[in-house]
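Residues per chain are reported as follows:
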Amino acid sequence: MATKTDNRRSKSDNNGNKSRSSSERSAFNFGDNNTGILIGAAAAGAALGFAANMGRKFLMQGMSGAAGDWADALAAEHKMTLAIFDKIEATDDSQTTMRSTLLAKLKYALTKHALEEENVVYPALRQANFAHDADSLEGEHGYVKTYLYELENMANDSPEWLARVRDFRSMIESHMQMEENEIFPRMREQMSDDQNKKLTAMMHKEGFKFA
């Protein structure tokens, strides 16, 4: 009788262990099929995100790339930057959220533009014996960063903030005119077609990194 009882207990324990094992697997473990589904979904999501980001990059850089060579593309970016200034200056002191959003767009546009110039165009200027011009232009980029810093740390619901924006715009426009009307044309005149194409490709490649 003891043997039969022990056998029944053994079977009961085995059933209990199987039940607990099954419960633990369902509660805390993913089966092979579920893991595969989750990995596949994560990979698909990552691929879609990568594709969307690359599409955005091509769109952003393509907008300036469609303008022509490196100098034309930079001039097109100048116009886009001034258009953001126009929108900022059209706001009133109650539109603080709009001002913050537009300032972020302005900072993004100027940062991308500065990388193209500082990492590609200005070094090419120095190589072509325009070192003084390159140094002067790059030095002004430091003031651009200062203006952005000040505007980000000022209360943007006051007339003083908008007045500082206008000062910033005046400085930027002077910088742009110097590049477009004097320095870049002199540089371009000395370049061969192959040099011009190479510099254009290098500049777009640099811009694509930040687009």
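Our structure's up above, just so we're on the same page.
Being a predicted model, the structure only gives us computed values, none of them experimental. (Residues numbered from 1 in each chain as written. Predicted model: local features only at pLDDT ≥ 70, side-chain atom pairs only at ≥ 80, totals over all residues. Heavy atoms only, no water.)

## Quick word on the packing of helix H3 (residues 70-89) against helix H4 (residues 96-127)
Remark: H3 packs on H4, axes separated minimally by 10 Å, with the N-to-C direction vectors making an angle of 160 degrees. With respect to H4, the element H3 is oriented roughly antiparallel. Where H3 crosses over H4, the two elements pack in a sense that is left-handed. Facing H3, whose interface residues are Trp 70, Leu 74, Glu 77, His 78, Thr 81, Ile 84, Phe 85, Lys 87 and Ile 88, H4 presents Leu 102, Leu 103, Lys 105, Leu 106, Ala 109, Leu 110, Lys 112, His 113, Glu 116, Glu 117 and Val 121. (Axes fitted to C-alpha atoms, helices over the stretch in contact; angles between N-to-C directions. Helix = DSSP H or I, 4+ residues; strand = E, 2+ residues; numbered from the N terminus. Parallel < 35°, antiparallel > 145°, perpendicular 65-115°, else oblique. Left-handed = near helix turned anticlockwise from the far one by under 90°. Contact = heavy atoms within 4.5 Å.)

## Here's the deal with the nonpolar core
Residues Ile 88, Leu 106, Phe 168 and Ile 172 are the most contacted members of the largest nonpolar core, which totals 19 residues. Ranked by the residues each element gives to this core, the list is headed by helix H6 (residues 159-189), at seven residues. If we skip the residues at most four places from it in the chain, Leu 106 touches Thr 81, Ile 84, Phe 85, Ile 88 and Phe 168. Grouped together as the second largest cluster of nonpolar side chains are 18 residues, Tyr 122, Ala 124, Phe 184 and Met 187 included. (Core = buried A, V, L, I, M, F, W, Y, C linked by side-chain atoms within 4.5 Å. Buried < 20%, exposed > 50% of the residue type's maximum accessible area, 1.4 Å probe, protein only.)

## Structural notes on the pattern of salt bridges
Taken as a whole and assessed by the stated rule, the structure comprises 16 salt bridges. Close ionic contact of Asp 72 with Arg 188 constitutes a salt bridge, the shortest N to O distance being 3.5 Å. Residue Asp 72 is located in helix H3, and its partner Arg 188 is located in helix H6; the two are separated by 116 residues in the primary sequence. With relative accessibility at 32%, the residue Asp 72 sits in the partly exposed group. Here Arg 166 and Glu 89 are joined by a salt bridge, their closest N and O atoms 3.3 Å apart. You can see Arg 166 sitting in helix H6 and its partner Glu 89 sitting in helix H3, a full 77 residues away along the chain. Using a relative accessible area of 24% as the deciding quantity, one classes Glu 89 as partly exposed. Here the salt bridges do not stand alone but share partners, grouping Asp 86, Glu 89, Arg 166, Arg 169 and Glu 173 into one network. (Salt bridge = Lys/Arg side-chain N within 4 Å of Asp/Glu carboxyl O.)

## Details of the side chain of Glu 117
The residue Glu 117 is located in helix H4 in this model. Separated by 3.0 Å, the side chains of Glu 117 and His 113 make a polar contact. Excluding residues that lie within four positions of it along the chain, Glu 117 makes contacts with Leu 74, His 78, Tyr 122, Pro 123, His 141, His 175, Glu 179 and Phe 184. (Polar contact = N/O pair within 3.5 Å; in protein donor to acceptor, adjacent residues only side chain to side chain.)

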